[in-house]
Amino acid sequence: MARVRDMGLGSETRTFAGGFGKQDEDGVGMVLGARLVLVFLGLILRRGVPQNYSKWDNIVCSSDDDEDCHPNIDKKLWRRLMKEKRERKAYEEEQRKQLLEKENAADEKAIAELESKLKNGADKKETEGKIAGLKGKMKKRNRELLAIFRRKKYTPEEMCHVTDERTIVNSEKAIPKDVKNMEYEEYSEKFEKKLETYSKLRTESLSQGFLIKVCCSM
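Here we summarise the structure given alongside this text.

Parameters and conventions
Residues numbered from 1 in each chain as written. Predicted model: local features only at pLDDT ≥ 70, side-chain atom pairs only at ≥ 80, totals over all residues. Heavy atoms only, no water. Helix = DSSP H or I, 4+ residues; strand = E, 2+ residues; numbered from the N terminus. Buried < 20%, exposed > 50% of the residue type's maximum accessible area, 1.4 Å probe, protein only. Contact = heavy atoms within 4.5 Å. Areas by Shrake-Rupley, 256 points an atom, 1.4 Å probe, with all protein chains shown as cover.

1. Overview of the overall build of the protein chain
In step 1: When its secondary structure is counted, the protein chain shows eight helices and two strands.
In step 2: Counting helices and strands in the order they occur from the N terminus, the protein chain gives β-β-α-α-α-α-α-α-α-α.
In step 3: Expressed as a percentage of the 218 residues in the protein chain, the buried residues total 15%.
In step 4: Within the protein chain, contacts between residues at least 6 apart in sequence are counted, and of these 38% link residues at least 24 apart.
In step 5: Taken as a whole, the protein chain presents about 19,300 Å² of accessible surface, with 55% of it coming from carbon and sulfur.

Now the structure itself:
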């Protein structure tokens, strides 16, 4: 006999060989046992299911070609050659896809005509044989179309597109008249501390931040 104690609630469950155990008065023991079983099942299932990364196989980046590039070949040239090769193959498969879809459309039309003739009293055996032959050809083409779809490679440019694009230009902030018409000596005297602080800045980022802060405060 073993005892399981819920440290958070202070309840106790007596566990026997035949099951989770006898439920205590407030029912906490049975709930705790059920939770433990769910946790263990989750761990077992998580370990048994490997991660599937196959959905990334058809994504192509130019940097992926570098692995096959010979050290004596310029990388930019190699990337351009590989890109041209992919584009040529994609064009050929697109042409093949359009041809198969065109043939399927023609066969669908022919099947519709044969079914219409069949309703009007045409020879049943001969007409159904022709329909079955056309459907068999369409099935074969559909398998090839599916293979073309699965082989298709996608570049980052093809995976997304711009839906909305706009440029926002901030309006020019007017310079206060009392500052705009100041003489050099008066300007230097008024902003002496700020000029001294700016002259001590050593990095570009600090200088830009300081100028933005000063301009916004004016």
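So much for the structure itself; the text now carries on.
2. Here's the deal with the environment of Lys76
In step 1: Within the element layout of this structure, Lys76 appears in helix H2 (residues 75-119).
In step 2: Using a relative accessible area of 67% as the deciding quantity, one classes Lys76 as exposed.
In step 3: A C-alpha to C-alpha distance of 9.8 Å links Lys76 and Ser63, two positions 13 residues apart in sequence.

As far as function goes, none of this settles anything; it's purely spatial.
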